[in-house]
Number of protein chains: 2
Amino acid sequence: MKRVYLDYSATTPTKKEVLDAMLPYFSEVFGNPSSIHGFGREAKKVVNESRATIAGFMNADEKELYFTAGGTESDNWAVKGAAKALKNKGNHIITSKIEHHGILHTCESLEKEGFEVTYLDVDGDGLISLEALEAAIKPETVLISIMFVNNEIGTLQPIKEIGAIAKAHGVLFHTDAVQAFGNFKIDVKDMNIDLMSISSHKIYGPKGIGALYIRKGVRLVNFVDGGAQERKKRAGTENVPSIVGFAKAAEIAYRDFDAHVEKLVALRERLRKGVMETIDYCKYNGHPDQRHPGNAHFAFEFIEGEALLLSLDLVGIAGSSGSACTSGSLDPSHVLMAIGLKHEIAHGSLRLSVGDFTTEEDIDYTIKELKTIVERLRMMSPLYDKVTGGK
Amino acid sequence: MKRVYLDYSATTPTKKEVLDAMLPYFSEVFGNPSSIHGFGREAKKVVNESRATIAGFMNADEKELYFTAGGTESDNWAVKGAAKALKNKGNHIITSKIEHHGILHTCESLEKEGFEVTYLDVDGDGLISLEALEAAIKPETVLISIMFVNNEIGTLQPIKEIGAIAKAHGVLFHTDAVQAFGNFKIDVKDMNIDLMSISSHKIYGPKGIGALYIRKGVRLVNFVDGGAQERKKRAGTENVPSIVGFAKAAEIAYRDFDAHVEKLVALRERLRKGVMETIDYCKYNGHPDQRHPGNAHFAFEFIEGEALLLSLDLVGIAGSSGSACTSGSLDPSHVLMAIGLKHEIAHGSLRLSVGDFTTEEDIDYTIKELKTIVERLRMMSPLYDKVTGGK
């Protein structure tokens, strides 16, 4: 059976060049970077080289980048660490209603500990309002956490403007850039970003490795306590092969950046046009052009998203109803609620995300199969029957 | 130059069989286990098979095992998660003075939040006193955390007896078994263990993956908040290849268990005898026989440990002055202080840990080189000169 993977926003395959770079660090250069002997020093050297490589792609100093186990840990550390470090200054955090659960559930756990959180609304395209953000800032506000690019609908936030507002008010600015790093040019200095979460497995690197950028001078309470790794800020033996893989993935992403973005946008647009032109009662979600190059997000009326996904799966096409991290839940996505989609439409949502291994053939196959599936599923819908008069 | 790695307690090379098992999960079966399509289901299946494999080796149910990024995260989750879940019951934790920093620094962070921690003494061999443990239990005690095997001096604690005491008093029992899993037979039910931290890279699996055993019915506050992974208890995309590698490493460890332990003990004893018979003013630390099969720990009088390590490194021998996680610190190890070593002896400490790839030739080379180095370093010591009368 033909297999078409259109879920690059959930995770990506590790590229061969990345895996090849990692291989020597499992069994040959295998030392613990904290050990002072030769085996350890070899490992430490490559960890720091990898750190410098990744930091360079966001215009950060290598000493400002700390490795973690992934984007979610980075989000937890940034938000909990900043909140706890600044609790004597204030207890108010501002975020948005469309953040990843790595941020939202972290904020909820802080609310239980006495912090107050403002969840900003977004408009129909998924953008926050800069005026609303500025109006939400109080003397007690210590942190603004707004994601760079949304993981479901792909909307890109005005990061530089948010950074400027945060800076003007003396408030820390964190951004979850898990979906953005490797797909957008990022300059933490120019954008006034104080804290930024990134992840490897979204950019063709291995799973289980991420990083947190912490601007020099910003003090966080540690999240993982223990040994003296990562300059005493994040305990646990460094994951050397994965760190090497992450750096190689970042290197490839920015080396081939223009071609990668151009290719993704072309495929995504082919998909968008094909679907919108051939299928009725379909809404395209997210911002029309301020969005992730590979993200397409549709909502089909008179359709149940899970049935749609399973039908696509039967013909070998892998898509998502929202974020992979929330699958298994029957509630419609918080992101789709926030952009004002009605329950019944939100239930028929489909995220298709293209990537470096997607072909035009994959797209055309998907458009064709999707049309057939949507028609078949709608045949079973009494509501659709009513709207179309049984035609 | 000959290279002899005697730092298996710091980390181990990933075995070929383990790496081979991991390889298909980077680029072929690469789906996100949370995705409901075929790519995701394949990944989820292997994650759960790996979970069952590892759980089986500790007589746990697969639903009681949760993957983490490593032993330190497991320690943080167990201790912080239990303390916070039970804070309405009490605020007292009992641990020992010789725990890994993953526990000690976690306890210190809880002390800052109002928890009270009792740090039990150990005897000269590194054993806690069961009487002292029982006497330390108060109505407010909610958790006992005692490591299975010490990472520096190798001492094995009476885990089953500790478990029985904890159970009799209705207190949760956590054990950091990072150095024990794969080197000892562990039965969480028989030993009354409620929570147990384990790690992959100490048993020839990859770095960056570990697990926490949580006995059914024990409720912890989540540590990493976010997506619904690990049955909503530990957020973050599952590290599929590393999980597969961890399971394979556990499988090998327990498949070849008797031969592994026998080999390590024979090599370790050859090393111990060789060193103790050829070098004067040397103390062998840790319990004489209740200890990790691969661990040897020496303290040489009139020697500075760092100079010793660097000299060994120059002839290709990798050892450790204590835990790899605390290297870079000039203070003598907290473990050696706890067993009553005087500062000046503790400074001359050397942990040599043998493993599956160690040979008798490695041991004999090490004994020979160590003797030469110790003699040379002592020549520079005015104190040694005084003791031996310049002979």
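Model, not experiment: these values are computed from the prediction. (Residues numbered from 1 in each chain as written. Chains lettered and ligands numbered in written order. Predicted model: local features only at pLDDT ≥ 70, side-chain atom pairs only at ≥ 80, totals over all residues. Heavy atoms only, no water.)

### Some remarks on the sheet that holds strand β6 (residues 172–176) of chain A
Residues and elements named next belong to chain A. One open sheet accounts for seven strands, arranged β2-β8-β7-β6-β5-β3-β4; its pairing is mixed. In this open sheet, the two edge strands, each paired with only one partner strand, are β2 (65–68) and β4 (116–120). Recorded for the sheet is a direction-independent mean angle of 20 degrees between the axes of neighbouring strands. Across the sheet, helix α4 (residues 71–85) lies against β2, β3 (92–96), β5 (141–145), β6, β7 (195–199) and β8 (210–214), angled at about 165 degrees from β7, the strand it touches most. Here helix α7 (residues 159–168) sits on the sheet in contact with β5 and β6, set at roughly 155 degrees to β6. (Pairing = 2+ DSSP bridges. Helix = DSSP H or I, 4+ residues; strand = E, 2+ residues; numbered from the N terminus. Axes fitted to C-alpha atoms, helices over the stretch in contact; angles between N-to-C directions. Contact = heavy atoms within 4.5 Å.)

### Some remarks on the sheet that holds strand β9 (residues 282–284) of chain A
All names here are of chain A. Spatial ordering of the open sheet is given by β9-β10-β12, a layout of three strands whose pairing is antiparallel. In this open sheet, the two strands that pair with only one neighbour each are β9 and β12 (349–353). Shown here is a sheet whose adjacent strand axes are inclined to one another by a mean of 25 degrees, direction ignored. Note: strand β10 (residues 295–300) against β12, five bridges, orientation antiparallel. Looking across to β12, one finds that N295 is bridged to S353. The strands that helix α10 (residues 257–278) touches are β9, β10 and β12; relative to β10, the one it contacts most, it runs at about 15 degrees.

### Some words on the environment of L120 of chain B
If you trace the backbone, L120 of chain B turns up in strand β4 (residues 116–120). For L120 of chain B, the contacting residues outside a window of four places in its chain are I94, T95, S96, K97, I128, A132, L133, A136 and I146 of chain B.

### Overview of the domain arrangement of chain A
Residues and elements named next belong to chain A. For chain A, the assigned domains read domain 1 (16–255) and domain 2 (257–388). Here the C-alpha centre of domain 2 lies 29 Å away from the C-alpha centre of domain 1. The interface of domain 1 with domain 2 comprises 29 residues on the first partner and 29 residues on the second. Summing both partners gives a buried area of about 2,300 Å² for domain 1 against domain 2, and 57% of it is carried by carbon and sulfur. Summed over the three residues of domain 1 that lose the most area to domain 2, namely E152, I153 and Y204, the buried surface amounts to 32% of that side. Applying the counting criterion to the domain 1 and domain 2 interface returns zero salt bridges. Looking at which element gives the most residues to the side of domain 1 that touches domain 2, the answer is helix α9 (residues 240–255), with three residues. Taken together, the residues of the side of domain 1 that touches domain 2 break down into eleven nonpolar, eleven polar and seven charged. (Domains from an automatic or database assignment. Buried area = accessible area lost by both parts, 1.4 Å probe. Salt bridge = Lys/Arg side-chain N within 4 Å of Asp/Glu carboxyl O. Nonpolar A, V, L, I, M, F, W, Y, C, P; charged D, E, K, R; others polar.)

### As for the relation of the copies chain A and chain B
Between chain A and chain B, which share one sequence, the superposing operator has a rotation angle of 180 degrees and an axial displacement of 0.0 Å; the RMSD is 0.0 Å. The superposition operator between the copies reduces to a two-fold rotation axis. Residue A69 of chain A of chain A places its C-alpha closer to the rotation axis than any other residue of that unit, at 3.0 Å. (Least-squares fit on C-alpha atoms with pLDDT ≥ 70 in both.)

### Some details on the packing of helix α3 (residues 38–56) of chain A against α9 of chain A
All names here are of chain A. Where α3 meets α9, the axes come as close as 9 Å, and the angle between the chain directions of the two elements is 30 degrees. Taken together, the axes of α3 and α9 are roughly parallel relative to one another. When you trace α3 past α9, the crossing you get is left-handed. Along its contact with α3, which presents A43, V46, V47, S50, T53 and I54, the element α9 presents V240, I243, V244, F246, A247, A250 and E251. Its residues placed into classes, the contact of α3 with α9 shows ten nonpolar, two polar and one charged. (Parallel < 35°, antiparallel > 145°, perpendicular 65-115°, else oblique. Left-handed = near helix turned anticlockwise from the far one by under 90°.)

### Side note on unusual backbone geometry
A positive phi angle is found at F302 of chain A, which is not glycine, with a value near 60 degrees. Mapped onto the secondary structure, F302 of chain A falls in the loop between β10 and α11 (305–314). Given a relative accessible area of 14%, F302 of chain A falls into the buried group. For N59 of chain B, which is not glycine, the phi dihedral falls at a positive 60 degrees. The topology assignment puts N59 of chain B in the loop between α3 (38–56) and β2 (65–68). (Buried < 20%, exposed > 50% of the residue type's maximum accessible area, 1.4 Å probe, protein only.)

### A word on the packing of aromatic side chains
As enumerated under the stated definition, the model contains 35 aromatic pairs over all chains in all. On the basis of an interplanar angle of 75 degrees and a centroid distance of 5.9 Å, the ring pair of Y66 of chain B and W77 of chain B is categorised as edge-to-face. Of the two residues, Y66 of chain B is situated in strand β2 and W77 of chain B in helix α4 (residues 71–85); the sequence distance between them amounts to eleven residues. Of the two residues, Y66 of chain B and W77 of chain B, neither departs from the other in class, the shared state being buried. Through successive ring pairs, a cluster of aromatic residues spans Y5, Y8, Y204 and F357 of chain A together with F30 and F39 of chain B. K15 of chain A extends its terminal NZ or CZ atom over the ring of Y204 of chain A, reaching a point 4.3 Å from the ring centre. (Phe/Tyr/Trp six-rings, centres within 6.5 Å; stacked < 30°, edge-to-face > 60°. Lys NZ or Arg CZ within 6 Å of the ring centre and 35° of its normal.)

### Let's talk about the pairing of β7 of chain A
Residue and element names in this part refer to chain A. Here β7 lies mainly inside the structure; five of its five residues are buried. Judged by which residues are buried, β7 turns out to be covered on both faces: L195, S197 and S199 on one side and M196 and I198 on the other are all buried. Both β6 and β7 contribute to a ladder of three bridges, which runs parallel. When the sheet's bridge partners are listed, D176 is paired in β7 with S197. In the sheet, β7 pairs with β8 via five bridges, with the strands oriented antiparallel.

### Considerations on the interface of chain A and chain B
Facing 65 residues of chain A, the contacting portion of chain B comprises 65 residues. The interface formed by chain A and chain B includes six salt bridges. A salt bridge links R3 of chain A to E42 of chain B; the nearest nitrogen and oxygen atoms lie 3.2 Å apart. Here chain A and chain B share 30 residue pairs in polar contact (both at pLDDT 80 or more) between them. Of the residues that constitute the side of chain A that touches chain B, the class distribution is 23 nonpolar, 28 polar and 14 charged. (Polar contact = N/O pair within 3.5 Å; in protein donor to acceptor, adjacent residues only side chain to side chain.)

### A closer look at the environment of F148 of chain B
Relative to the assigned elements, F148 of chain B resides in the loop between β5 (141–145) and α7 (159–168). Not counting the four nearest positions on each side in its chain, F148 of chain B is found in contact with T155, L156, Q157, I159, T175, D176, A177, A180, F184, I186, M191 and I193 of chain B.

### Here's the deal with the side chain of S145 of chain A
All names here are of chain A. Position of S145 among the secondary structure elements: in strand β5. A polar contact of 2.8 Å, which involves the side chain of S145, links it to the side chain of H174. Those residues within four positions of S145 in sequence are excluded, and the remaining contacts are V79, I94, T95, S96, E99, I103 and H174.

### Some words on the pattern of salt bridges
All names here are of chain A. In total, this model carries 49 salt bridges over all chains according to the counting rule given. In this structure, E361 and K2 form a salt bridge, with 3.9 Å as the shortest nitrogen-oxygen distance. Residue E361 is found in helix α14 (residues 360–379), and its partner K2 is found in the segment before β1 (4–5); the two are separated by 359 residues along the sequence. Owing to a relative accessible area of 56%, E361 belongs among the exposed residues under this scheme. According to the relative accessible area criterion, K2 is partly exposed, its value standing at 28%. The closest approach of N and O atoms between E375 and K371, which form a salt bridge, is 2.9 Å. Remark: K371 and E375 occur in helix α14; sequence separation between them is four residues, near one turn of the helix. For E375, a relative accessible area of 42% corresponds to the partly exposed category. By relative accessible area, K371 is classed as partly exposed at 30%. Connected via shared salt-bridge partners are K2, E361 and D362.

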